[in-house]
Amino acid sequence: MGIGELDREAHVPEVTGAAAAPRTLAEALRARGDEGLAALLRARPDLLSPVPNDLTQLATRAGTRGSVVRALERLDRFALQTAEALAVAQDPAPYPVLLGLLTGDEGDPEIEAALPGAVALLREQALVWGEDDRLRLVRTARELLAPSAQHPSPTGLGPTVAEATSGMSPGRVQEIIAAAGLPTTHDPVSAVAALTGLFTDRDRMGALLDTASPDALSVLDRLVWGPPYGEVTAKPAAPVQWLRDHGLLLPVSPRTMVLPREVALHLRGGRAHRAPEPVAPVPGVLREYRPQVVDSAAAGQAQLALATVEELLKSWDRGGPPVLRAGGLAVRDLKRTAAALDVSEETAAFWLELCYGAGLLASDGEADERYAPTPAYDDWLDLPPAERWARLVTPWLTATRTPGLAGGQDAKGRTLSVLGPDLDRSPAPEVRHRVLGLLATLPPGSSAEPESLFARLRWERPLRGASAAEEGGDLRSRLARWALAEAELLGLTGRGALSGPARALLNLPLAEAAPAGALGGGVELSVAAGRAATLLAPLLPEAVDHVLLQADLTAVAPGPLRRPLADALAVLADVESKGGATVYRFTPGSVRRALDSGQTATDLHEFLKAHARTPVPQPLAYLIDDVARRHGHLRVGAASAYVRCDDDTVLGEILADRRSSSLGLRRLAPTVLAAQTDPTSLLDGLRSMGYAPAAESTTGDVLITRADAYRTGARTAPVPVPDGPPAPDTTLLGAAVKAIRAGDRAATAVRKEPTAAPTAAGALPRTSAAETLATVQAAAMTGSAVWIGYVNAEGGASQRVIAPVRVEGGFVTAYDHTADEVRTYPLHRITGVAELADDQV
């Protein structure tokens, strides 16, 4: 289907039956019902900030560039292709013309079936308006999507004949139509019309192309699907010269030719797009498992996630690494964290960002700023395992921080740091929901083929991924890839398939595939998280209250340990290996750590006897007694720092040791050494030399060091960066529609002009104080509505339709149709009043 001559009577309204077709977008919106307006505001919530005064203002706002760009970015591929086809069609375009641009001459049943839905979607979002015989794309959308030399269209089409010849001399136009075998005309307008008519006439165009050489047709083949522009030399080859002489290529500059849109559409068989995509790609199934296997695998990952977060934050109990001056974590500290957790740096970045997003980790805000756990971490530890898991995955779903970007560079070439600024990406929550939602459409227990999943996401939001050039490619595909990996780490998926708890968290059906659009139901996320935790709890291994001691100074925990036992054992021993069973190793340093926390050797022996299913091995008992015998033999306090010991030979050994030279020690008395360093450094130095000193207070008492001694102040979790205005709820939509309708009635109501002082068109009514008082008193007695001009305390003027109820004390109390509420107005602020026409009362 070719494009005919532009309709030069586009703004003349047509009459269909008894009602005239809308002439503007505002009239089209005015003809909608309340449900239609609510659907528009729901799809484009930016139009509600603030609520428009009337439908004219709503239509104006819907046509602004920023709002239209936002709406286009949320279109799926076929709806966008429909809008692109309208952008290259005549304005207005009949539905059959639009259908022909998408199906071509051969037709396509899938496109014919999908096109009504795409047009309805564009109408709903106020990107297209008008009846089917006069479809109009809003002007801003046409400017954004129409082909131009600066902004090529995805259709690959070029300008029309009229656009390409707009700067051409009349003589050149006459030469072109003569070479094409057309009679010359008396003006360039009719000449362009004649050439356009030739190119859109299939029979005559076919006859013209039959006279072209194979080389000329080859040139057209290279340009037909775009880009339509090509460079030529000062003396073009014979095939190019023939195309140029016959108007099949038109010059846009001395060295550049363009293929006119009408010619390209003829060569394409009338199709605007090379590959229309009316049907969304379906994610393919990679593997299938029994749902029980998936849930068990996901539960194992969830348990590992809890253990990893706990291990990470416990390692920072006494204060973590410092905060960079520009914010974030240094690369060397990230590497140390990854080594401590035995994971890759990318995975370590994810766990750090997860703790930060859940409010369990923050900077302490001190002058020497460092990272540390927050008080919320202690509360989190007291929760049952399933609830702790829910407290991690809930903020992950809504977080906009994207740990996968860490290590890359921003648009200015600066490196992005973990826990630092500039890691927020507003599409991240939507992509995570869509990835999990698409997994839910597969049969239970099925994992998705990743590339088919990414293809579906690109179809749903083709412009969102393509607009992120600074991200190094398709951002949505990268976000989806990270979401799949992170969901597996968190236990939302098992072996790549969605688990039952994840379905509950997303408020999806548990036993069958979720229908499209099921995400974001009416159940609050916190309630859904509770349901997910309830489903996960039976799948997690039951916590045990015992360990198995072995002769090689290790203890095996056959499962996750209960909280008091886990905390105590973490102080007394170091974790050697993790997995289904955790192996702890007892070392002199770990035993000393337990003694530093205030326990005695007797306490440690009793603890092991109470929680071990096996007898305490003799080597472990000897280790505890030996470390306890030496613990506290040396005492370190603040002088600047000092060391005291009842055995002066021990102090002599320390002074003679070369490793003590950096401590700046000197003997003050037979049992006392003074140091030139602080007590903490002195303690660390002596411990590195193999001693077991104890810190003491200024009164000589031993200082007890606990693992959870350092916490940040109360901190709130980072707030996600919104991806535009939030979606309005039903209550807000209903109130907004009522307010817009009321304001529109006030703006379009027909008024009776006051006899004393006629009102200019569009101006506020002007009446005297006596006339104003008499008119509103009469309206209050008769219960009728009037139109008033009103100036508020800030000097802002507005017009309103009110129904006065009471007039007294210089005030009029009335129902304001514009605001849809009862208000009181001072009479001295009313500039004038006019009665409404009889058909408006």
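*Asks:* How would you sum up the packing of helix α13 (residues 214-223) against helix α14 (residues 238-245)? Please name residues and give values.
*Replies:* Two quantities define a packed helix pair, namely the angle between the helix axes and the distance between the axes. With their axes 8 Å apart at the nearest point, α13 and α14 run at an angle of 75 degrees to one another. By the criterion of interaxial angle, the relationship of α13 to α14 is roughly perpendicular. Touching Asp 215, Ala 216, Val 219 and Leu 220 of α13 are Pro 239, Val 240, Trp 242 and Leu 243, all from α14.

*Asks:* Pulling in residues and values, what's your account of unusual backbone geometry?
*Replies:* In this model, Asp 91 is joined to Pro 92 through a cis peptide bond whose omega is 0 degrees. Residue position: Pro 92 is located in the loop between α5 (77-88) and α6 (95-103). Between Gly 226 and the following residue, Pro 227, the backbone shows a cis peptide bond with an omega angle of -5 degrees. You can see Pro 227 is positioned in the loop between α13 and β5 (229-231). Despite not being glycine, Ala 126 shows a phi value in the positive range, around 60 degrees. Relative to the elements of secondary structure, Ala 126 occurs in the loop between α7 (109-124) and β3 (128-129). Classification of Ala 126 as buried rests on a relative accessible area of 0%. Phi is positive for Leu 553, close to 65 degrees, though the residue is something other than glycine.

*Asks:* Break down the sheet that holds strand β15 (residues 554-557) for me, with residues and values.
*Replies:* Taken in spatial order, the four strands make up an open sheet running β14-β15-β17-β16, and their pairing is antiparallel. The open sheet is flanked by β14 (548-550) and β16 (574-577), the only strands paired with a single partner. Taking each pair of neighbouring strands and ignoring which way they run, the sheet shows an average axis angle of 30 degrees. Alignment of β15 against strand β17 (residues 582-585), held across four bridges, turns out to be antiparallel. Residue pairing for β17: Ala 555 is matched across the bridge by Tyr 584.

*Asks:* Tell me about the side chain of Glu 696, and name the residues and values.
*Replies:* Within the secondary structure layout, Glu 696 lies in the loop between β22 (694-695) and α33 (730-748). Residue Glu 696 is classed as buried on the basis of its relative accessible area, which comes to 6%. Engagement of the side chain of Glu 696 in a polar contact is seen with the side chain of Tyr 642, the distance being 2.4 Å. Within the structure, the side chain of Glu 696 is placed 2.9 Å from the side chain of Arg 644, a separation counted as a polar contact. Those residues within four positions of Glu 696 in sequence are excluded, and the remaining contacts are Arg 635, Val 636, Gly 637, Tyr 642, Arg 644, Asp 701, Val 702 and Leu 703.

*Asks:* Which residues make up the packing of helix α21 (residues 428-440) against helix α22 (residues 450-460), and what values go with them?
*Replies:* Where α21 contacts α22, the two axes come as close as 11 Å, and the packing angle between them is 125 degrees. Comparing their axes, α22 and α21 come out oblique. The crossing of α21 and α22 is right-handed. Counted together, Arg 434, Val 435 and Leu 438 of α21 and Leu 453, Arg 456, Leu 457 and Glu 460 of α22 form the full contact between these two elements. Taken together, the residues that form the contact of α21 with α22 break down as four nonpolar, no polar and three charged.

*Asks:* Describe the environment of Pro 278, naming the residues involved and giving the relevant values.
*Replies:* Within the secondary structure, Pro 278 is located in the loop between α15 (261-267) and β8 (285-288). On the basis of relative accessibility, which here comes to 14%, the residue Pro 278 falls in the buried class. Once the C-alpha coordinates of Pro 278 and Leu 102 are considered, the two residues, 176 residues apart in sequence, prove to be 9.6 Å apart. Among all residues touching Pro 278, those that are not within four sequence positions of it are Phe 78, Glu 110, Ile 111, Ala 114 and Trp 459.

Thresholds, definitions, all that
Residues numbered from 1 in each chain as written. Predicted model: local features only at pLDDT ≥ 70, side-chain atom pairs only at ≥ 80, totals over all residues. Heavy atoms only, no water. Axes fitted to C-alpha atoms, helices over the stretch in contact; angles between N-to-C directions. Helix = DSSP H or I, 4+ residues; strand = E, 2+ residues; numbered from the N terminus. Parallel < 35°, antiparallel > 145°, perpendicular 65-115°, else oblique. Contact = heavy atoms within 4.5 Å. Buried < 20%, exposed > 50% of the residue type's maximum accessible area, 1.4 Å probe, protein only. Pairing = 2+ DSSP bridges. Polar contact = N/O pair within 3.5 Å; in protein donor to acceptor, adjacent residues only side chain to side chain. Left-handed = near helix turned anticlockwise from the far one by under 90°. Nonpolar A, V, L, I, M, F, W, Y, C, P; charged D, E, K, R; others polar.

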